[in-house]
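Below, each chain spelled out in residue letters.
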Amino acid sequence: MANQPLHLFDAVGVELEYMIVDDQQLNVSPITDRLFESFAGKIVSDIEHGDIDWSNELVAHVVELKTAQPASSLDGLAEVFQKHVQTIDGKLKGLGARLLPSAMHPWMDPVQEMHLWPHDYSEIYAAFNRIFDCRGHGWANLQSMHLNLPFCGDAKPNDEFGRLHAAIRLVLPLLPAIAASSPMMDGRVTGLMDNRLEVYRTNARRLKSVVGRVIPEPVFTRDDYQRQIFDPMFKEIAPHDPDGVLRDEFLNARGAIARFGRGSIEIRVIDIQECPAVDLAVAQATVAVLKSLVAEQWSSLTDQQSMPVEPLHDVFLATLRDADEAVISDTAYLKLLGWHGGNSVRAIDLWSDLISRCGVSVAQDSAGTDPLQTILEHGPLARRLTNRLTIEPSRKELLTVYRDLADCLAVGRVFKAT
């Protein structure tokens, strides 16, 4: 995350991805290069703009905003990101386009509309496309928030990597319950609250070691991570990537990936929300729970590290499908999180309890609304979107709802359920 070593929770890195759409019909618009050219005077892959950098992604209709350096605190970041959103929207207006939030475009046809980024780093994207065929939702139509949390070393007695990785593995399955924002795909409400994660977990099925079970294996040292995750992954892809273009940490597509070169773990299962105020509220809740777990407030490190993949994967599939309404009944898992309210609990009620115990406090949106309270009372964005839509919405209906969603991003307000 930085040149100097950072210890647990010393800082945080945040990345927010948004799709670019035309401002009339909201169809995907692959003009990220033109956006950057309008700002920099030439086509570039990164723009340094104060505390926030802009960069391209795999496909040409996505722009990523990220903290230029690790931030010492999440406080105030929502306002900083919001200003950059508004700057970008201002530039896009001159190109007949705008930013659209939520983790998947609701009616994009990726087979017809996928355009790879053709400029810098295009050889990496071309390699991904050649091996995995990126003409699918799992590559071409998914936007998320990434949280990067630092660690310094994996040796005892501090064992920072092992402590952080153990805590993150426990929190990952719960995150769709408050962060799901992709209930639509191919123009229809699918019945899943988090379609992004559904397509994400199968996008590299040709080489299963790349994603694994999304929930990382219980490995807590760099050497074990190398043996159990990196080595099998690099071995499996080698026949398809003889030049070693993808032989790097970034090939790992689990829900949280260790970036030993940066001294950080990157969390990747959080759908992008309707505006930065909500993204950063979700981030605040996530970090608060992780801090409590790392501090062993509710369970010992030994117990946390003993949790295998399968029960965590089961919880993940439940929240991917039902988000806030998912019922969690694994008592061993609940015990690790300090739940004492019975043998089962709705995911949103567990989150309410965790947020209360951790004393999470977040900034309000531009209308004075508490984003976390909205999620706890009315569900994540996916739930609120489906409450506004019929089962088979017309394009006119979709345009009305998703224009409102784009307006939420433009002004920094929470999307209302009704």
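Since we're looking at a predicted model, the values are computed, not measured. (Residues numbered from 1 in each chain as written. Predicted model: local features only at pLDDT ≥ 70, side-chain atom pairs only at ≥ 80, totals over all residues. Heavy atoms only, no water.)

### Describing the packing of helix 2 (residues 77–93) against helix 17 (residues 395–411)
Where helix 2 contacts helix 17, the axes come no closer than 8 Å and their chain directions differ by 120 degrees. Judged on the interaxial angle alone, helix 17 and helix 2 are oblique. Touching Q82, V85, Q86 and D89 of helix 2 are L409, A410 and V411, all from helix 17. Tallied by class, the residues present in the contact of helix 2 with helix 17 amount to four nonpolar, two polar and one charged. (Axes fitted to C-alpha atoms, helices over the stretch in contact; angles between N-to-C directions. Helix = DSSP H or I, 4+ residues; strand = E, 2+ residues; numbered from the N terminus. Parallel < 35°, antiparallel > 145°, perpendicular 65-115°, else oblique. Contact = heavy atoms within 4.5 Å. Nonpolar A, V, L, I, M, F, W, Y, C, P; charged D, E, K, R; others polar.)

### A look at the pairing of strand 9 (residues 256–259)
Of the two faces of strand 9, the one lined by A256 and A258 and the one lined by I257 and R259 are each fully buried. Sheet topology places strand 9 next to strand 10 (residues 264–271); four bridges connect them, and they run antiparallel. Along strand 10, the bridge assignment pairs I257 with E266. Counted between consecutive antiparallel strands, the loop separating strand 9 from strand 10 contains four residues, among which G263 sits at a positive phi close to 70 degrees. (Buried < 20%, exposed > 50% of the residue type's maximum accessible area, 1.4 Å probe, protein only. Pairing = 2+ DSSP bridges.)

### Points about the layout of surface pockets
Roughly 1,400 Å³ of volume is contained in the largest pocket. Around the largest pocket, the lining comprises 46 residues; the ones closest to its centre are E15, E57, E64, R259 and R268. Of the residues assigned to the lining of the largest pocket, the class counts are 20 nonpolar, 14 polar and 12 charged. A volume near 240 Å³ is recorded for the second largest pocket. Contributing to the lining of the second largest pocket are 17 residues, with L74, Q284, V287, A288 and K291 lying nearest its centre. Considered class by class, the residues forming the lining of the second largest pocket number 10 nonpolar, five polar and two charged. (1 Å grid on protein atoms, 1.4 Å probe; cavity = no way out; pocket = protein on both sides within 12 Å on 5 of 7 lines; lining within 4 Å. Points joined across faces, edges and corners; volume = space filled by probe spheres on them.)

### So, the packing of aromatic side chains
What the rule picks out here adds up to 14 aromatic pairs. Relative to F260, the ring of F161 lies with its centre 5.0 Å away and its plane at 55 degrees, an arrangement referred to as tilted. Taken together, the positions of F161 in helix 6 (residues 160–171) and F260 in the loop between strand 9 and strand 10 put the pair 99 residues apart, joining distant regions of the chain. Residue classification places F161 among the buried residues on the basis of a relative accessible area of 0%. Among the residues examined, F260 registers a relative accessible area of 11% and is labelled buried. (Phe/Tyr/Trp six-rings, centres within 6.5 Å; stacked < 30°, edge-to-face > 60°.)

### What about the packing of helix 10 (residues 276–294) against helix 14 (residues 347–358)?
Two elements in contact, helix 10 and helix 14, have axes separated by 10 Å at closest approach and are oriented at 70 degrees. In terms of axis orientation, helix 10 runs roughly perpendicular to helix 14. Contacts between helix 10 and helix 14 involve A285, A288, V289 and S292 from the former and W351, L354, I355 and C358 from the latter.

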